[in-house]
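Secondary and tertiary structure notes
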Amino acid sequence: PPPSPVPSSPPEVVPPPPPGPIRGIYATAYSAGSAERFARILEFIRRTEVNALVIDVKDDTGTISYESTVPLARETGAGRRKFKPEEVLAALEREGVYPIARIVVFKDPYLAAKRPDLAVKSRSGGLWRDRHGLAWVDPHNREVWRYVVEVAKEAAAKGFREIQFDYVRFTSDGNLADCLYPYANGKSKAEVIRDFLLFARAELKPLGVVVSADVFGLTCSAQDDLGIGQEIEEIAKAVDVISPMVYPSHYYRGTYGLPDPDAAPYETVSRSLHDALARLEGTAVRLRPWLQDFSLGHRYGRAELVAQIKAVYDAGLTEWLFWNPGNVYDEGKYNPE
């Protein structure tokens, strides 16, 4: 008999081209699931240069935004009915809007409560919790990796064209000396985060989706992993797009020699992106920053938003995302005069 054919790995599916440079905004699952709020978002997109929408598929509560068929999600009851992905994605396709699924990775108080064996532990016993009382899952754990990637595959199957991993990092904002990682394997935090993203991209590439990761803005300039495993050069090896959260309000006074970075949006974003570009030179990764459409101290109006966009373009980049936690977007802040 003829020899059996040699099994081959599935061919990589080339994603369809996006609708030009990606310029997006963020929506919660509840906004996507509200007819009134979703209609307002679509009208805003029609009237501006925005052509992409980032929607929570798995948020930092650990719940999934629709009834998931992923086995661990069914076992724990993580699925919710926040929006109907088929309806929302069909509407976005009609409008020519690029859909991005935001999936929160290791900040997962829901899974930690349901499966404490997967959680970060406290050295004094029980689950470790951050300063807000929220538990996290252990980034070393391969079952957690597989779960997150299965959620991402499900989102891709529903029609999301990009998977954006957020909170793809170790714990912060609490007593970090009390953290105990039950599945620690001797690798550095940065290696663990890189390896998770490499695993995720290998699993997702055959589906033809873009893989992106959100990182702290300070990773653009920091010379270490900030204690959370985010080294921008390592992450660049594992994703198609990096989105640093260069919100000026999140930089300490004196950063980049600026008395108040929040009051200097152009300078803050510019310095961050130039540092990142220098470190990523020679890599194929795309830089698409998260910008600030909210006020946290200094009031952010049209001038502040335009200044951030100008900093992006002046750095030679063409893509951006804006974060407004309440999903209330004012076209007057975005449209060029």
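Now for a look at the structure at hand. Note that the structure is predicted; figures quoted are calculated from it, not measured.

Helix and strand counts for the protein stand at eleven helices and eleven strands. Relative to a compact globule of 337 residues, whose C-alpha radius of gyration would be 20 Å, the protein shows 20 Å and is just as compact. Seen through its C-alpha atoms, the protein measures out along the principal axes to roughly 70 × 50 × 45 Å. The buried share among the 337 residues of the protein stands at 55%. Accessible surface, the protein: about 14800 Å² in total, of which carbon and sulfur atoms supply 53%. In the protein, which carries 41 positive and 46 negative side-chain charges, the distance between the mean positions of the two groups comes to 3 Å.

For the rest of this paragraph, the subject is the side chain of Ser31. Tracing the sequence through the fold places Ser31 in helix 1 (residues 29-33). Accessibility expressed as a relative area gives 0% for Ser31, which makes it buried. Engagement of the side chain of Ser31 in a polar contact is seen with the side chain of Asn327, the distance being 2.7 Å. In contact with Ser31, other than residues within four places in its own chain, are Arg37, Phe38, Ile41 and Asn327.

Bringing the pairing of strand 3 (residues 98-104) into the picture now. Within strand 3, seven of the seven residues are buried, which leaves it mostly tucked inside the rest of the structure. Every second residue of strand 3 is oriented toward a common face, with Tyr98, Ile100, Arg102 and Val104 on one face and Pro99, Ala101 and Ile103 on the other, all of them buried. Taken together, the six bridges between strand 2 (residues 52-58) and strand 3 define a ladder with parallel strand orientation. Bridge pairing links Val54 to Ile100 in strand 3. Pairing between strand 3 and strand 5 (residues 162-166): five bridges, direction parallel. Bridge pairing in strand 5 places Ile103 opposite Phe165.

In this structure the tally under the stated criterion is 16 aromatic pairs. Judged by centre distance (5.1 Å) and plane angle (80 degrees), the ring pair of Phe44 and Tyr334 falls under edge-to-face. Within this pair, whereas Phe44 is found in helix 2 (residues 35-46), its partner Tyr334 is found in helix 11 (residues 331-334), the two being separated by 290 residues in sequence. Each member of the pair, Phe44 together with Tyr334, is buried. Considering the side-chain rings of Trp290 and Trp323, the 5.3 Å spacing of their centres and the 75 degrees angle between planes classify their relative orientation as edge-to-face.

Below, the discussion takes up helix 2. Spanning twelve residues, helix 2 covers 16 Å between terminal C-alpha atoms, matching the ideal 16 Å at 1.5 Å per step. For helix 2, the full list of buried residues reads Phe38, Ile41, Leu42, Phe44 and Ile45. In a view along the axis of helix 2, the buried residues occupy a sector of 160 degrees, so they form one face of it. Looking at helix 2, the residues exposed on the side facing more than 90 degrees away from the buried face are Ala35 and Glu36. Where helix 2 is buried, its residues touch strand 1 (23-27), helix 1, strand 2, helix 4 (85-95) and helix 11.

What follows covers the pairing of strand 5. In terms of burial, strand 5 is largely enclosed, as five of its five residues are buried. In strand 5, alternate side chains face the same way, and those of Glu162, Gln164 and Asp166 on one face and Ile163 and Phe165 on the other are all buried. One ladder, built from four bridges, connects strand 5 with strand 7 (residues 210-216); its direction is parallel. Among the inter-strand pairings, Glu162 is bridged to a residue of strand 7, identified as Val210.

One pass over the structure, following the stated rule, counts 31 salt bridges. Arg288 serves as the salt-bridge partner of Glu162, at 2.8 Å between the closest nitrogen and oxygen. One end of the pair, Glu162, is in strand 5; the other, Arg288, is in the loop between strand 9 (286-287) and strand 10 (290-292), with 126 residues separating them in the sequence. Neither residue differs from the other here; Glu162 and Arg288 are each classed as buried. Linking Asp240 and Arg201 is a salt bridge whose minimum nitrogen-to-oxygen distance equals 3.9 Å. With Asp240 in the loop between helix 8 (232-236) and strand 8 (241-245) and Arg201 in helix 7 (residues 189-204), this pair connects stretches of sequence that are 39 residues apart. Judged by relative accessible area, which is 22%, Arg201 ranks as partly exposed. Because the salt bridges share partners, they merge into one network encompassing Glu43, Arg46, Arg47, Glu95 and Glu331.

In terms of nonpolar packing, the biggest core is built from 111 residues, with Ile25, Phe106, Phe165, Phe196 and Leu197 touching the most fellow members. The element contributing the most residues to this core is helix 6 (residues 142-158), with nine residues. Not counting residues within four places of it along the chain, the set of residues in contact with Phe106 comprises Trp136, Val137, Pro139, Val144, Trp145, Tyr167, Val168, Arg169, Ile193 and Phe196.

In this section: helix 7. For helix 7, which comprises 16 residues, the first-to-last C-alpha distance of 23 Å matches the rise-based estimate of 22 Å (1.5 Å per residue) to within 8%. All of the buried residues in helix 7 are Ala190, Val192, Ile193, Arg194, Asp195, Phe196, Leu197, Ala200 and Leu204. Of the surrounding secondary structure, the elements contacted by the buried residues of helix 7 are helix 6, strand 5, strand 7 and helix 8.

How each quantity is defined
Along each chain, numbering runs from 1 in the same order as the chain's sequence is written. Reporting of local features is limited, given that this is a predicted model, to residues whose pLDDT is at least 70; pairs of side-chain atoms are given and counted only at 80 or more, and all residues count toward the totals for whole chains, interfaces and linings. Side-chain measures here rest on the full set of heavy atoms in the structure, leaving out hydrogens and waters. By the criteria applied, helices consist of DSSP H or I runs no shorter than four residues and strands consist of E runs no shorter than two, each listed in order from the N terminus. Our radius of gyration looks at C-alpha atoms and nothing else; its globule reference is 2.2 Å times the residue count to the power 0.38. Only protein chains enter the area calculation, which uses a 1.4 Å probe; residues under 20% of their type maximum are buried, those over 50% are exposed, and those in between are partly exposed. Here the accessible surface of atoms and residues is derived via Shrake-Rupley with a 1.4 Å probe, and residues count as covered only by protein chains that are part of the display. As used throughout, the charge tally considers Lys and Arg to be positive and Asp and Glu to be negative, leaving His and the chain termini uncounted. Throughout, a charge is located at the NZ atom of Lys, the CZ atom of Arg, the CG atom of Asp or the CD atom of Glu. Any N or O atom pair separated by 3.5 Å or less is treated as a polar contact, with the protein-specific requirement of one donor-capable and one acceptor-capable atom, and with residues adjacent in sequence counted only for side-chain atom pairs. The contact rule is simple, with two residues in contact once any of their heavy atoms fall within 4.5 Å. Strands qualify as paired when DSSP identifies two bridges or more between them. Only Phe, Tyr and Trp rings take part, Trp by its six-membered ring, and two of them pair if their centres are within 6.5 Å. Stacked means planes under 30 degrees apart, edge-to-face means over 60, and tilted covers everything else. Helices are assigned an expected span. That span is 1.5 Å times one less than the residue count. Directions pointing from the helix axis toward each C-beta atom define the arc. A pair is scored as a salt bridge if a Lys or Arg side-chain nitrogen falls within 4 Å of a carboxyl oxygen belonging to Asp or Glu. Among buried residues, the Ala, Val, Leu, Ile, Met, Phe, Trp, Tyr and Cys ones that are joined through side-chain atoms within 4.5 Å form a nonpolar core.

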